[in-house]
Amino acid sequence: GAGVSQSPSNKVTEKGKDVELRCDPISGHTALYWYRQSLGQGLEFLIYFQGNSAPDKSGLPSDRFSAERTGGSVSTLTIQRTQQEDSAVYLCASSSGTSGWGELFFGEGSRLTVL
Amino acid sequence: AQSVTQPDIHITVSEGASLELRCNYSYGATPYLFWYVQSPGQGLQLLLKYFSGDTLVQGIKGFEAEFKRSQSSFNLRKPSVHWSDAAEYFCAVRTMDTGRRALTFGSGTRLQVQP
C-alpha cells in the first residue's frame with residue numbers, strides 16, 4: 001500500500017488476555033519500528049527490525065512483549081497477559097535504506113484499551 | 001544515553017502570530033534531529049530534519065528549525081501560525097555512533113491556535 005498500515009485501529013481487551021497488533025510497512029522499506037504512546041506521554045521505543053539482522057529489543061518493557069517480522073515485511077507485536085498499564089496507542093513506522101537512517105513513516109496506530 | 005526535552009507541554013497562540021517550540025537534546029556527539037507533527041487522529045508526519053550543513057533548515061508547511069550546538073537546541077519556528085497548525089509536535093534525535101537506530105522522542109508540545 002501507499003503508507004504504513006496497522007490493524008486493528010482499536011482493540012479493547014480484558015486484563016490477562018493476549019493481544020496481537022499487526023503492522024504492514026511501506027513496500028520495500030527494510031527498517032521497521034514499534035513505539036508506544038501513552039496518554040500525555042511521548043513516544044516510547046519498543047523494538048526495531050532492520051533487514052535480516054537480529055532485532056533491537058532493548059525497548060521492550062517486559063517479557064510479556066514480543067514481536068516478529070515475517071519475510072522482512074509484515075510485523076506482529078504480541079502482548080501476553082495484558083495489564084491495564086499496557087493501555088496505549090501502539091505505533092509502527094518503517095523507513096528505507098540499509099542503514100535505517102531514512103525518514104520514518106508512521107502508521108495511524110493501534111489503540112489498545114485493557115479493562 | 002541520548003534524551004530529548006521539550007519544556008513546554010502546552011502552548012496557545014493566536015492565529016497569525018509567530019511560534020517557537022523549544023527542544024533540547026542531551027548527547028555528546030553530532031545528532032540527527034527531527035521534528036514531527038501529529039494531528040488529531042492521524043499518524044506522525046515529518047516536518048523537517050537536520051543531519052549536517054546549514055544549521056537553519058526549512059521544512060514543510062512553512063516551518064523552519066535552527067540547530068544550535070552551543071545550546072544543544074533545535075527549536076521549531078513558524079512566522080505566522082494558521083488554525084490548521086493546531087496539533088502535537090514532537091522533537092526527536094538519533095545518534096550516529098551507537099547501535100541504536102531508533103529515534104528518541106521528546107514528550108511533545110501541544111499547540112492550540114486561537115482565532
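Residues numbered from 1 in each chain as written. Chains lettered and ligands numbered in written order. Predicted model: local features only at pLDDT ≥ 70, side-chain atom pairs only at ≥ 80, totals over all residues. Heavy atoms only, no water.

**Section: the overall build of chain A**
Across its full length, chain A holds 0 helices and 10 strands. When the elements of chain A are put in sequence order from the N terminus, they spell out β-β-β-β-β-β-β-β-β-β. Radius of gyration (C-alpha) of chain A: 13 Å, near the 13 Å computed for a compact globule of 115 residues. Along the longest, intermediate and shortest principal axes, the C-alpha atoms of chain A span 40 × 25 × 25 Å. Counting every position in chain A, which comprises 115 residues, the buried fraction comes to 50%. Counting contacts in chain A only where the partners sit at least 6 residues apart, residues at least 24 apart contribute 56% of the total. Side-chain charges in chain A split into 10 positive and 12 negative, and the spacing between the mean points of these groups amounts to 4 Å. (Helix = DSSP H or I, 4+ residues; strand = E, 2+ residues; numbered from the N terminus. Rg over C-alpha atoms; globule rule 2.2 N^0.38 Å. Buried < 20%, exposed > 50% of the residue type's maximum accessible area, 1.4 Å probe, protein only. Contact = heavy atoms within 4.5 Å. Lys, Arg positive; Asp, Glu negative; His and termini not counted. Charge placed at Lys NZ, Arg CZ, Asp CG, Glu CD.)

**Focus: the side chain of K78(B)**
All names here are of chain B. Inspection of the secondary structure assignment puts K78 in strand β9 (residues 73-78). Within polar-contact distance, the side chain of K78 engages the side chain of D85 at 2.8 Å. The residues contacting K78, other than those within four sequence positions of it, are A17, S18, L19, K61, G62, F63 and D85. (Polar contact = N/O pair within 3.5 Å; in protein donor to acceptor, adjacent residues only side chain to side chain.)

**So, the packing of aromatic side chains**
All chains considered together, the criterion is met by 16 aromatic pairs over all chains. The interplanar angle of 75° and the centroid separation of 5.8 Å between the aromatic rings of F34(B) and F51(B) together place this pair among those described as edge-to-face. With a gap of 17 residues between them, F34(B) in strand β5 (residues 31-38) and F51(B) in the loop between β6 (44-50) and β7 (56-58) connect regions that are remote in the sequence. Every member of this aromatic cluster is reached through a ring pair, and the members are Y33(A), Y35(A), F45(A), Y48(A), F106(A), Y32(B), F34(B), Y36(B), F51(B), F90(B) and F105(B). (Phe/Tyr/Trp six-rings, centres within 6.5 Å; stacked < 30°, edge-to-face > 60°.)

**Examining the pattern of salt bridges**
All names here are of chain B. On inspection of all chains with the given rule, the structure shows 8 salt bridges over all chains. Where E64 meets R77, a salt bridge forms, and the shortest distance between an N and an O atom there is 3.2 Å. Taken together, the residues E64 in strand β8 (residues 64-68) and R77 in strand β9 connect sequence positions 13 residues apart. E66 is the salt-bridge partner of R77, the closest N and O atoms lying 3.2 Å from each other. A residue pair is termed long-range when its members are at least 10 positions apart, and R77 in strand β9 and E66 in strand β8 qualify at 11 residues. (Salt bridge = Lys/Arg side-chain N within 4 Å of Asp/Glu carboxyl O.)

**Looking at the nonpolar core**
Residues L19(B), W35(B), L47(B), L48(B), F74(B), L76(B) and Y89(B) are the most contacted members of the largest nonpolar core, which totals 26 residues. Of all the elements in the fold, those that place two or more residues in this core are β2 (10-14), β3 (19-21), β5, β6, β8, β9, β10 (87-95) and β12 (109-114) of chain B. Counting residues per element, this core draws most heavily on β10(B), which supplies 4 residues. Setting aside residues up to four positions removed in sequence, L76(B) forms contacts with L19(B), E20(B), L21(B), W35(B), L47(B), L48(B), F63(B), E64(B), A65(B) and Y89(B). Membership of the second largest hydrophobic core comes to 21 residues, among which are F45(A), F34(B), Y36(B) and L103(B). (Core = buried A, V, L, I, M, F, W, Y, C linked by side-chain atoms within 4.5 Å.)

**Things to note about the side chain of D8(B)**
Residues and elements named next belong to chain B. As for its position among the elements, D8 is in the loop between β1 (3-5) and β2. A polar side-chain atom of D8 sits 2.9 Å from a polar atom in the side chain of R22. Each residue touching D8, except ones within four places of it in the same chain, is listed here: R22, G108 and T109.

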